[in-house]
Amino acid sequence: MRKSRFLEKFIFISLSLPVALLILCFLWILASIGVEGVKFLNWKFLTTSVIEGGIFESIIGTLYMLGGAVTIATPIGIATAIYLAEYARGSRIAHIIVQAVHNIAGIPSIIFGLFGYTFFCTFLGFGISLLSGWLTLACMILPIIISGSYEAISMVPISFKEAAIALGASKLRVIRDVVIPTAAPGIATSIILGVSRVAGETAAILFTSCVYLTSGLPSNPLQPVMSLTYHLFGILVTTPGDSLGDAFAMALVLLVIVTVLNALAYLMRIYYRRRWNI
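Presented here is an overview of the structure given in this document. (Residues numbered from 1 in each chain as written. Predicted model: local features only at pLDDT ≥ 70, side-chain atom pairs only at ≥ 80, totals over all residues. Heavy atoms only, no water.)

Bringing the environment of Val 178 into the picture now. Relative to the helices and strands, Val 178 is located in helix H8 (residues 171-199). Overall, Val 178 belongs to the buried group, its relative accessible area being 16%. Residues Val 178 and Phe 160 lie 18 residues apart in sequence; the distance between their C-alpha atoms is 7.1 Å. In this structure Val 178 touches Phe 160, Lys 161, Ala 164 and Arg 173, once residues within four positions along its chain are discounted. (Helix = DSSP H or I, 4+ residues; strand = E, 2+ residues; numbered from the N terminus. Buried < 20%, exposed > 50% of the residue type's maximum accessible area, 1.4 Å probe, protein only. Contact = heavy atoms within 4.5 Å.)

This is the structure we're talking about:
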């Protein structure tokens, strides 16, 4: 009995140490960026043009990139998940597609960047533009949205659907009025996590959509744009010693954006669970 308890405590401690170490590393990173970034972060820095030493275009450009990418990826991802879970469940084609989605999710972002440059910028002729960045980031977000939405839709109790069909509802109406609302927490979470995944990407937009310096915001999707990640990369490469303060401030802003997106995912999940009592 004592030996069993000792073994149980040993296993508990052994599993707790890596978790504690991971949490400490995360807090250390947050503290380092926060302490250094706050010193150089001010309202003028956030609202002034890049030409005048601010990051206004980079912030808005980052939001442009994320907004466009999620707008493109969300309907395609949800439609694919519905097809896999409701129309092709258990079929060979569904298995192949799911496996392909999982494989695509593991592709390095630099490969997406090269693909985006070759296909969207060169082959389709979009050039280095906001549109090319949207499509490239959408390709990165899609596996996350498809996987998360597919799992959420698959977990909808079959009794819910059978009850709706028994009342005379068509397949399409069951999906619209029963499946989607019930799976909404998981779908919403997958969308926000997909956006959070690409919010800090540099390699994927390095070749497709971003420039280091520009005056003003893009007036149409075929113009290039600035982003926080690319601008941060640029100042660290060109003037690493003189721009550390600005780099920490930009890193803090980017960290806040990603944190807000993840918090939003959590709140949306809670909201839909309470709304639909699931």
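Further remarks concern the environment of Val 258. Note that Val 258 resides in helix H11 (residues 244-276). Along the backbone, Val 258 and Val 198 are 60 residues apart, and their C-alpha atoms lie at a distance of 9.5 Å. Discounting residues that sit within four places of it in the chain, Val 258 has contacts with Ser 196 and Ala 199.

Considering all chains together, one arrives at 2 cavities of 30 Å³ or more under this definition. For the largest cavity, the calculated volume is near 60 Å³. Around the largest cavity, the lining residues are Thr 62, Met 65, Leu 66, Leu 137, Val 198, Ala 199, Glu 201, Ile 205, Ser 227 and Thr 229. Going through the elements one at a time, helix H3 (56-87) and H8 are the ones with two or more residues in the lining of the largest cavity. In terms of residue count, the dominant contributor to the lining of the largest cavity is H3 (3 residues). Taken together, the residues of the lining of the largest cavity break down into 6 nonpolar, 3 polar and 1 charged. Here the second largest cavity defines a volume of roughly 30 Å³. Lining the second largest cavity we find Leu 84, Val 98, Val 101, His 102, Ile 146, Ser 147 and Tyr 150. Counting residues per element, the ones that place at least two in the lining of the second largest cavity are helix H4 (92-105) and helix H6 (130-154). Along the lines of polarity and charge, the residues of the lining of the second largest cavity split into 5 nonpolar, 2 polar and no charged. (1 Å grid on protein atoms, 1.4 Å probe; cavity = no way out; pocket = protein on both sides within 12 Å on 5 of 7 lines; lining within 4 Å. Points joined across faces, edges and corners; volume = space filled by probe spheres on them. Nonpolar A, V, L, I, M, F, W, Y, C, P; charged D, E, K, R; others polar.)

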